[in-house]
Every structure is written in C-alpha cells, then in structure tokens.
Amino acid sequence: GAGSLFNAMIAPLGNTQIAGIAWYQGESDTGLPGYDRRLTAMLSDWRARFGQDAAAGIVQLSSYGTPATSPSESGWADVRDAQRRVAAADPHGGLAVTLDIGDPLDIHPGEKHAVGERLARVMRAHVYHDLTAPAGPMIERAQRSGDGGVTLTFAGVNGALAARGSDQAIGFELCGDEPGNCRYAPGKVEGDHVMLSGDGKPVARVRYAWADAPATNLADGEQLPVGTFEIAVP
C-alpha cells in the first residue's frame, strides 16, 4: 500500500536535495475524485523534504482504451485535466503531453524515448531556466465570439498551431452547464488561436480530447500536441 511505498522508496532518501521530479502515474486513479488534491499534497510534502524549489515534470496520461465515437464522460480525461491544472498552478511545475504517442491497446505505450524528451523540455525550462524550451501549447483563456461560438487562446506555442492532416482541428466539444449535453465542434486554427463556431445551443465550457483514447490533431510548430483540458466560457 501507500505506506509501504513511502517507507521503502521515499523515507530512506532523508533530506537529499533534489533539483527535479519526474512524475508518471495516474492510471489507477481514473474514476477516483480528488486527484488534483492528492498530487498537490504529495508534491508539497516532497518539497518540504527535498527542496522547496524542486521542479515537477508531470506526464499527462496518454491514450488508452476504446477510441471515442461520441462525446462522453471519461475517467482518463478527468485525471489528465487534473494533472494540467496542478502543473499550471505550480510555479515550478510543467506538463509533458503524451496523447499522440499512446497506444489504445497497451496501458504501457512503448514511446518512452519521446516521453523522456518532453520531460527534458520541462526540466530545461524549470531547472535550467531555458526560455527556448517550453513544454508545448497550453490553454490560456476562452472568449465568446459574435456568432455564439468561442475563441480559444493558447500559451507556450512554438511557431503557430496547426491541424495535422486536415483543414480543421478535431477533438473539441461545446458543452452547457448540465452533464450529457456536449457536442463535437470543429476548430479553425489561426496562429495561437482556435475558433469554434456556435451551434445555437448554450455554451458554458469547452472540452478538448475528453475521452479515454481521443482522436486529436492539434499541435504547434515543434510538433508538440495540445493535451486534454476543460475550460469555462465566461
């Protein structure tokens, strides 16, 4: 259990000072609420032991499971979004997105070299303060547009966003306040923005890649993908 893992693998390190932590976990937490609180508490405890400025490179869960054919709820997406929110709120935290290098049939996908490269970007930025190495595009804000749609702005974009293999970005959902009313919405990409057209229905939030194994194609000029997120539309 958790006590055995802590006593065997963390406590023996004592007060060893650590520059950075790579965290690749979450599969067992899908379907369990409160992952963001648990991860934040664990990082806080580790920093109290190993150094308050220790960077945290969090690997956002990859794709695994039945590919989505319609909008639905997803425990894997819940964990991915919790990981994103923890990293965004952490001044020493960064997110390595792995949606595009997963395997729907294997919970342990083989592209570990690519995972390592993306974690290295996080560490270069947060340990070595390399401003040329952001981890990739992250959602920044959502604004309503005149046609009832939504304009999304992304930060950390290298070059410009692009929809790989298509003239539109896929994987976006417009959602109302109530569960069960999300619907797919194609995205028009311009620079660091994605525009979603309105469909005449209420929009309170936008979701992206909200499935166990989502189909997505949005990345930046460094071929770093946009990861799972949910954002309110004020």
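Criteria and cut-off values
Residues numbered from 1 in each chain as written. Predicted model: local features only at pLDDT ≥ 70, side-chain atom pairs only at ≥ 80, totals over all residues. Heavy atoms only, no water. Helix = DSSP H or I, 4+ residues; strand = E, 2+ residues; numbered from the N terminus. Rg over C-alpha atoms; globule rule 2.2 N^0.38 Å. Buried < 20%, exposed > 50% of the residue type's maximum accessible area, 1.4 Å probe, protein only. Areas by Shrake-Rupley, 256 points an atom, 1.4 Å probe, with all protein chains shown as cover. Lys, Arg positive; Asp, Glu negative; His and termini not counted. Charge placed at Lys NZ, Arg CZ, Asp CG, Glu CD. Contact = heavy atoms within 4.5 Å. Phe/Tyr/Trp six-rings, centres within 6.5 Å; stacked < 30°, edge-to-face > 60°.

Novice: Describe the overall build of the protein chain, naming the residues involved and giving the relevant values.
Specialist: In terms of helices and strands, the protein chain carries four helices and 13 strands. Relative to its length of 234 residues, the protein chain is compact, with a C-alpha radius of gyration of 18 Å against a globular reference of 17 Å. Over its C-alpha atoms, taken along the principal directions, the protein chain stretches across nearly 60 × 35 × 35 Å. When the 234 residues of the protein chain are sorted by exposure, 44% land in the buried category. Split by element, the accessible area of the protein chain, about 11400 Å² in all, is 54% carbon and sulfur. Counting 19 positive and 28 negative side-chain charges, the protein chain places the centres of these two groups 2 Å from one another.

Novice: How would you explain the side chain of Thr-151 if you had to name every residue and give the values?
Specialist: Assignment of secondary structure puts Thr-151 in strand S5 (residues 150-155). Judged by relative accessible area, which is 16%, Thr-151 ranks as buried. If we ignore the near neighbours within four places in the chain, the residues touching Thr-151 are Arg-141, Ala-142, Gln-143, Ser-145, His-193, Val-194 and Met-195.

Novice: Describe the packing of aromatic side chains, listing the residues and the values that go with them.
Specialist: For any pair of aromatic rings, the description rests on two quantities: the centre-to-centre distance and the angle between the ring planes. In the structure shown here, the tally under the stated rule is six aromatic pairs. Considering the side-chain rings of Phe-172 and Tyr-208, the 4.5 Å spacing of their centres and the 40 degrees angle between planes classify their relative orientation as tilted. On the criterion of sequence distance, the pair formed by Phe-172 in strand S7 (residues 172-175) and Tyr-208 in strand S11 (residues 205-208) is long-range, its members being 36 residues apart. Of the two residues examined, Phe-172 and Tyr-208, each falls in the buried class. Geometrically, the ring pair formed by Phe-172 and Phe-229 is edge-to-face, given 6.4 Å between the ring centres and 65 degrees between the ring planes. Of this pair, Phe-172 sits in strand S7 while Phe-229 is found in strand S13 (residues 229-232), placing the two residues 57 residues apart along the sequence. Each member of the pair Phe-172 and Phe-229 is classed as buried.

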